[in-house]
Amino acid sequence: MSRSTLRRELATYDGKNLRKEPSDSRDVVISLVFVYITELNKYHPALHENSRVILHQANVHAKTKIRDARGKGFISISPGVYGLLPKKNPLPESKTLRSCAVIGNSGSLLKSECGKEIDSNDFVIRCNLGQTGSFKQDAGTRSNLTTMNPSILHREYMHLKRKREKRKLKEALSHYQGVIFVPSMSKRFYMATLAVQMCQEVTLFGFWPFPYRFLDNQKVPVRYHYFDNMSNAVAMKHHAMDDEFSILLQLHNLGILRIRHDRCE
């Protein structure tokens, strides 16, 4: 079943009629994707368009109350915050892009030589200020949308209390083009879903969640991040075959997106 056909089926499919025992492969595909849609809704409700993914002055007004994505009630948009928002949606609103790359920070990017393939995509999303610079051969340099977990401001920049930290952050952000996105929750899964909404072809790089992989027929350790020296012991503590990666793996198997964990040609 092609992806376009699958999307048409999903558009009209009634989840209440999901069979406990699918009768053919078509039902299996629909069942698996319905599970994906159900799980995805636990994170964010915007599935069919991206105009509400990032707040901008065209989709919110000053003093408007919006639901906190973490499920903690509502947040009021102050006039000051409203003035800082983009005037319009900075993302492509129609699905006209041919290819998207979503870049995680897994050490599986090291020695991948995927930089050129990443940069060849129409739209590149980088998660949580993933570094480029000296890693351009493996991670590329292009960026159209880069996320930054709010916790980084505390961990790396001391809440920007001093001018030195402000200059340090300004220098770090200067390496990225496009939009810097500070989401209320930094989920690679969310970024992968956004890419599926915008692009015909989606490839994930640096999403490998395990402390080891096979490269050139040899078992090699995988760092937690490709750009630091976090120990393998810490990586084993954090890397896990969690629900997020399990769903992404299902989408990979269904051909909805592709997970790259090997070397790029």
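This text goes with the structure placed above it.
Residues numbered from 1 in each chain as written. Predicted model: local features only at pLDDT ≥ 70, side-chain atom pairs only at ≥ 80, totals over all residues. Heavy atoms only, no water.

### A look at the environment of Met191
Structurally, the position occupied by Met191 is in helix H8 (residues 188–198). Among the residues examined, Met191 registers a relative accessible area of 2% and is labelled buried. C-alpha of Met191 to C-alpha of Cys127: the two residues are 64 residues apart in sequence and 7.8 Å apart in space. Every residue in contact with Met191, bar those within four places of it in the chain, is listed here: Val102, Ile125, Cys127, Leu145, Thr147 and Phe181. (Helix = DSSP H or I, 4+ residues; strand = E, 2+ residues; numbered from the N terminus. Buried < 20%, exposed > 50% of the residue type's maximum accessible area, 1.4 Å probe, protein only. Contact = heavy atoms within 4.5 Å.)

### Quick word on the state of the cysteines
Disulfides are covalent bonds that link the sulfur atoms of two cysteine residues. By the definition in use, this model includes two disulfides. Sulfur-sulfur distance for the disulfide between Cys114 and Cys264 comes to 1.9 Å. When the S-S torsion is 90 degrees, as for the bridge of Cys114 with Cys264, the disulfide is right-handed. Remark: Cys264 occurs in the segment after strand E10 (258–260) and Cys114 occurs in the loop between strand E3 (97–103) and helix H4 (115–119); sequence separation between them is 150 residues. With respect to burial, Cys114 and Cys264 carry one shared label: buried. Sequential numbering of the bridged cysteines in the protein gives the disulfide pattern 1-3, 2-4. (Disulfide = S-S within 2.5 Å.)

### Let's talk about H8
An α-helical segment advances 3.6 residues per turn. Residues three or four places apart therefore align on the same side. Burial analysis of H8 places ten of its eleven residues in the buried class, the great majority of the element. Inspection of H8 places Phe189, Tyr190, Met191, Ala192, Thr193, Leu194, Ala195, Val196, Gln197 and Met198 among the buried residues, and these make up the whole buried set.

### Re the pattern of salt bridges
Inspection of the entire model under this criterion finds seven salt bridges. Between Arg98 and Glu201 there is a salt bridge whose closest N-O contact spans 3.7 Å. Residue Arg98 is located in strand E3, and its partner Glu201 is located in strand E7 (residues 199–205); the two are separated by 103 residues in the primary sequence. Since its relative accessible area comes to 41%, Arg98 is described here as partly exposed. Glu201 gets classed as partly exposed once you look at its relative accessible area, which sits at 42%. For Glu165, the salt bridge identified is with Arg162, shortest N-O distance 3.1 Å. With relative accessibility at 44%, the residue Arg162 sits in the partly exposed group. When salt bridges that share partners are traced, they join Glu117, Arg258, Arg260 and Asp262 into one network. (Salt bridge = Lys/Arg side-chain N within 4 Å of Asp/Glu carboxyl O.)

Structural measurements only, silent on function.
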